[in-house]
Amino acid sequence: MSGNETGTPGTGMEERKPFILEKPLWRGVFNGVVLCILMLGAQAQGWLGPSTEVTAEDVYRAVVYGLVFGAVMYVYSLWRQKRQEKARAAAAGTRDEN
């Protein structure tokens, strides 16, 4: 029985195309935008305190926080992807020796 009969992607020897949010750049962009919208929504709806009007300064702060968080998530995703590639290459190397 091969690993691909269960229907799980990526268990065979073929290389699959990554989903757009699995790419580090788009993961960072998506996470930054979601944080920005969540911060503005939380203030407008009063989820974390009294509901207040969203000002230009609040929008600016949310955008900056979103950019910083998106950049951090980009770096983290890039690091994680490189680490997984090294582990995959090491596993392939030990498999060839056996």
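Look above for the structure.
Residues numbered from 1 in each chain as written. Predicted model: local features only at pLDDT ≥ 70, side-chain atom pairs only at ≥ 80, totals over all residues. Heavy atoms only, no water.

1. Considerations on the overall build of the protein chain
Part 1: When its secondary structure is counted, the protein chain shows two helices and zero strands.
Part 2: For the protein chain, the proportion of its 98 residues judged to be buried stands at 13%.
Part 3: Sequence separation of 24 or more characterises 46% of the internal contacts of the protein chain that already satisfy a separation of 6 or more. (Helix = DSSP H or I, 4+ residues; strand = E, 2+ residues; numbered from the N terminus. Buried < 20%, exposed > 50% of the residue type's maximum accessible area, 1.4 Å probe, protein only. Contact = heavy atoms within 4.5 Å.)

2. Quick word on helix H1 (residues 24-45)
Part 1: With 22 residues, H1 extends 31 Å between its outermost C-alpha atoms, agreeing within 8% with the 32 Å of an ideal straight helix rising 1.5 Å per residue.
Part 2: Here H1 has its buried residues at Pro 24, Gly 28, Asn 31, Gly 32, Cys 36, Gly 41 and Ala 42.
Part 3: At the C-terminal side of H1, Gly 46 shows a positive phi close to 75°. (Expected span 1.5 Å × (residues − 1).)

3. Topic: the pattern of salt bridges
Part 1: A complete count under the given rule lists three salt bridges for this structure.
Part 2: Where Arg 16 meets Glu 22, a salt bridge forms, and the shortest distance between an N and an O atom there is 3.3 Å.
Part 3: Residue Arg 16 is classed as partly exposed on the basis of its relative accessible area of 40%.
Part 4: On the accessibility criterion, Glu 22 (36% relative accessible area) is partly exposed.
Part 5: In this structure, Arg 61 and Glu 57 form a salt bridge, with 3.0 Å as the shortest nitrogen-oxygen distance. On the criterion of helical spacing, the pair formed by Arg 61 and Glu 57 is a turn pair, its members being four residues apart in helix H2 (residues 56-97).
Part 6: Using a relative accessible area of 34% as the deciding quantity, one classes Arg 61 as partly exposed.
Part 7: Counted as one network, the salt bridges with shared partners bring together Glu 57, Asp 58 and Arg 61. (Salt bridge = Lys/Arg side-chain N within 4 Å of Asp/Glu carboxyl O.)

4. Digging into the environment of Gln 81
Part 1: With respect to the helices and strands, the residue Gln 81 is situated in helix H2.
Part 2: For Gln 81 and Lys 23, which are 58 residues apart along the polypeptide, the C-alpha to C-alpha distance reads 8.7 Å.

5. Some thoughts on the packing of aromatic side chains
Part 1: On inspection of all chains with the given rule, the structure shows one aromatic pair.
Part 2: For the ring pair Tyr 76 and Trp 79, a centre distance of 5.9 Å and an interplane angle of 40° mean the geometry is tilted. Of the two residues, Tyr 76 and Trp 79 both sit in helix H2, three residues apart, roughly one turn of that helix.
Part 3: For Tyr 76, a relative accessible area of 39% gives the class partly exposed.
Part 4: What makes Trp 79 partly exposed here is its relative accessible area of 47%. (Phe/Tyr/Trp six-rings, centres within 6.5 Å; stacked < 30°, edge-to-face > 60°.)

6. Some thoughts on a nonpolar patch on the surface
Part 1: A cluster of nonpolar side chains, namely Phe 19, Ile 20, Leu 25, Trp 26, Val 29, Val 33, Ile 37, Tyr 74 and Val 75, defines an oily patch on the protein surface of about 860 Å² accessible area.
Part 2: Elements represented by at least two residues in the nonpolar patch include exactly H1 and H2.
Part 3: Take the nonpolar patch: its biggest share by element is five residues, from H1.
Part 4: By secondary structure assignment, the location of Tyr 74 is in helix H2. (Patch = residues over 30% accessible without salt bridge, like charges linked within 9 Å, V, L, I, M, F, W, Y side chains within 5 Å. Areas by Shrake-Rupley, 256 points an atom, 1.4 Å probe, with all protein chains shown as cover.)

By themselves these figures say nothing about function.
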